[in-house]
Amino acid sequence: MHVSPNGPVSSPVRVALTAATGFFVMGVLVSVLGPTLPELRSRHDLGGTGAALLLAASSIGTVGGIVLAGRYRHRVPVERLLSLGALAMAIGCGGVPVAPNGGALAATLLVAGFGLGVLDILLNLLLANGFGSSGGAVLSAVSATFGVSAVLTPLLVGRAPDELALPYLLCAGGSVALLALTTTMRAVPTTAPEGRRASAHELPLIVLLSALFLGYIAFESGAASWETTHLRAVTDLSDSATANAVALFWLGLTVGRLVTVPLALRWHPGRLVLTSLALGTVTVAFAAHPPYAVAAYALTGLVIAPVFPAVITWHARAVPSGRGATRMFALGLAGPTIGAPILGVTTDRAGAEAVPWVLAAFAIATTAISLACYRRTTRGTPADGPPVGAAP
């Protein structure tokens with residue numbers, strides 16, 4: 001039974017403004033870790049494994065936030081959960097610059113990641129389900145603020161690579177602004193409770209799509225988080241230039257989602273995912289060659305851009321019951337928990353030069369999973385056609 005919010009529901013414009021602020025803040029947090037990772041390692045005397053633990057702590061927090069919000073979104077008003085997420089991000093991000101040691105730093109990132117997880121799942125569901133048939137279009141438009149902040153934040157870090165306070169306090173300040181908006185907002189419940197259990201036919205698809213999502217997020221987050229470390233080791237670029245290069249990756253990801261909209265309307269989502277991951281495997285391998293590394297990472301962001309929304313759409317099309325969506329989301333955002341330790345241990349043993357090859361291995365494994373899932377979902381059905389459901 002839903003808990004109705006007290007008072008009248010806020011206007012669609014107010015809800016969209018609050019969501020846009022939330023996506024902007026999330027974009028700052030997601031894109032700030034990579035370019036500031038070398039400075040965090042230096043300040044707290046962390047090796048590759050220690051840096052990986054920081055990323056894993058953020059990822060664990062994100063999964064925890066998703067699980068909590070997914071469980072209680074039918075019992076607690078959405079705006080209260082959003083306020084909890086905004087508060088956690090404000091506390092976590094505000095604590096990063098003043099953390100006295102690596103353990104405290106991991107704790108602050110865990111708290112910030114928790115807030116991110118709460119906001120991520122609730123804002124996506126709120127927009128996708130709260131605007132009727134136009135939910136997909138509203139979500140695409142509003143979530144563009146994520147791309148804007150994800151591009152601008154590395155540029156901000158690039159202006160002062162040794163200064164941690166500004167980008168993290170920007171994230172904390174934005175979270176406080178979001179908290180002010182959510183505490184005065186009244187939203188409808190995100191969605192009705194899921195009904196029946198997944199069928200015997202749907203369960204294998206849910207497992208495959210969850211594994212695909214996990215592999216993709218490990219690949220995407222690994223590229224965004226370790227690009228700066230790799231470029232500093234293999235190129236003569238300045239610290240500022242390597243931070244700016246991360247902005248190109250996020251710019252490619254943002255532009256790619258816009259320019260592939262026509263393909264998303266015509267192609268089966270599985271075909272789009274498979275093509276994108278195959279191209280991403282090739283482009284990230286080119287990053288192993290220092291003269292092409294910056295361009296290769298930017299191209300990687302461009303070609304893999306459709307994967308995240310296409311997997312969500314694929315699930316809606318392949319699992320009509322809607323079961324497993326929250327679990328798939330949580331498992332996918334656990335990708336850094338697996339990917340970051342692998343990258344960290346590898347850089348400790350083989351050097352940062354190995355980063356592109358580990359990323360390429362992630363991409364190959366994920367491509368293989370997507371191929372298996374594509375064959376299963378298109379067996380006996382047309383390969384293309386308009387997708388069902390809206391993608392975040």
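Residues numbered from 1 in each chain as written. Predicted model: local features only at pLDDT ≥ 70, side-chain atom pairs only at ≥ 80, totals over all residues. Heavy atoms only, no water.

This brings us to the overall build of the protein. Across its full length, the protein holds 16 helices and zero strands. Counting the 392 residues in the protein, one finds 56% classified as buried. When contacts within the protein are restricted to residue pairs at least 6 apart in sequence, long-range pairs at least 24 apart make up 85% of them. Taken as a whole, the protein presents about 15400 Å² of accessible surface, with 68% of it coming from carbon and sulfur. (Helix = DSSP H or I, 4+ residues; strand = E, 2+ residues; numbered from the N terminus. Buried < 20%, exposed > 50% of the residue type's maximum accessible area, 1.4 Å probe, protein only. Contact = heavy atoms within 4.5 Å. Areas by Shrake-Rupley, 256 points an atom, 1.4 Å probe, with all protein chains shown as cover.)

Before going further, it helps to examine the pattern of salt bridges. In this structure the tally under the stated criterion is two salt bridges. In this structure, Arg-43 engages Glu-39 in a salt bridge whose closest nitrogen and oxygen atoms are separated by 3.6 Å. On the criterion of helical spacing, the pair formed by Arg-43 and Glu-39 is a turn pair, its members being four residues apart in helix H1 (residues 12–44). You can call Arg-43 partly exposed: its relative accessible area is 40%. In this structure, Asp-239 engages Arg-232 in a salt bridge whose closest nitrogen and oxygen atoms are separated by 3.4 Å. For Asp-239, a relative accessible area of 33% puts it in the partly exposed group. On the basis of relative accessibility, which here comes to 28%, the residue Arg-232 falls in the partly exposed class. (Salt bridge = Lys/Arg side-chain N within 4 Å of Asp/Glu carboxyl O.)

With that out of the way, let us pick up the side chain of Thr-366. Tracing the sequence through the fold places Thr-366 in helix H16 (residues 355–378). Within the structure, Thr-366 has its side chain in polar contact with the backbone oxygen of Gly-215 (distance 3.5 Å). (Polar contact = N/O pair within 3.5 Å; in protein donor to acceptor, adjacent residues only side chain to side chain.)

On the surface, Leu-248, Leu-251, Val-255, Leu-258 and Val-259 cluster together into a nonpolar patch covering about 420 Å² of accessible area. Residue position: Val-259 is located in helix H9 (residues 239–259). A relative accessible area of 52% means that Val-259 is categorised as exposed. (Patch = residues over 30% accessible without salt bridge, like charges linked within 9 Å, V, L, I, M, F, W, Y side chains within 5 Å.)

With 16 residues, helix H15 (residues 335–350) extends 22 Å from end C-alpha to end C-alpha; this agrees with the ideal 22 Å at 1.5 Å per step. Residues Gly-335, Pro-336, Gly-339, Ala-340, Leu-343, Gly-344 and Thr-347 constitute the buried set of H15. One face of H15 carries all of its buried residues, which in axial projection span an arc of 130°. Here the buried face of H15 lies against helix H2 (48–72), helix H8 (202–234), helix H14 (325–332) and H16. (Expected span 1.5 Å × (residues − 1). Arc of directions from axis to C-beta.)

Turning to the packing of H8 against helix H13 (residues 307–318), a few remarks are in order. In the contact formed by H8 and H13, the axes pass within 11 Å of each other and the chain directions differ by 175°. Accordingly, the angle class assigned to the pair H8 and H13 is roughly antiparallel. Contacts from Glu-202, Leu-205, Ile-206, Leu-209, Leu-212, Phe-213, Tyr-216 and Ile-217 in H8 reach Val-307, Phe-308, Val-311, Ile-312, Trp-314, His-315 and Ala-318 in H13. Partitioning the contact of H8 with H13 into residue classes produces 13 nonpolar, one polar and one charged. (Axes fitted to C-alpha atoms, helices over the stretch in contact; angles between N-to-C directions. Parallel < 35°, antiparallel > 145°, perpendicular 65-115°, else oblique. Nonpolar A, V, L, I, M, F, W, Y, C, P; charged D, E, K, R; others polar.)

Attention shifts here to the packing of aromatic side chains. In this structure the tally under the stated criterion is three aromatic pairs. With a centroid separation of 6.2 Å and 70° between ring planes, the pair formed by Phe-146 and Trp-250 is classed as edge-to-face. In this pair, Phe-146 is assigned in helix H6 (residues 144–159) and Trp-250 in helix H9, connecting sequence segments 104 residues apart. Ring centres 5.1 Å apart and planes at 45° place the aromatic pair Phe-213 and Phe-308 in the tilted group. Of the two residues, Phe-213 sits in helix H8 while Phe-308 sits in helix H13, which places them 95 residues apart along the sequence. Residue classification places Phe-213 among the buried residues on the basis of a relative accessible area of 0%. An aromatic cluster is built from Phe-146, Phe-249 and Trp-250, whose rings are joined through pairwise contacts. (Phe/Tyr/Trp six-rings, centres within 6.5 Å; stacked < 30°, edge-to-face > 60°.)

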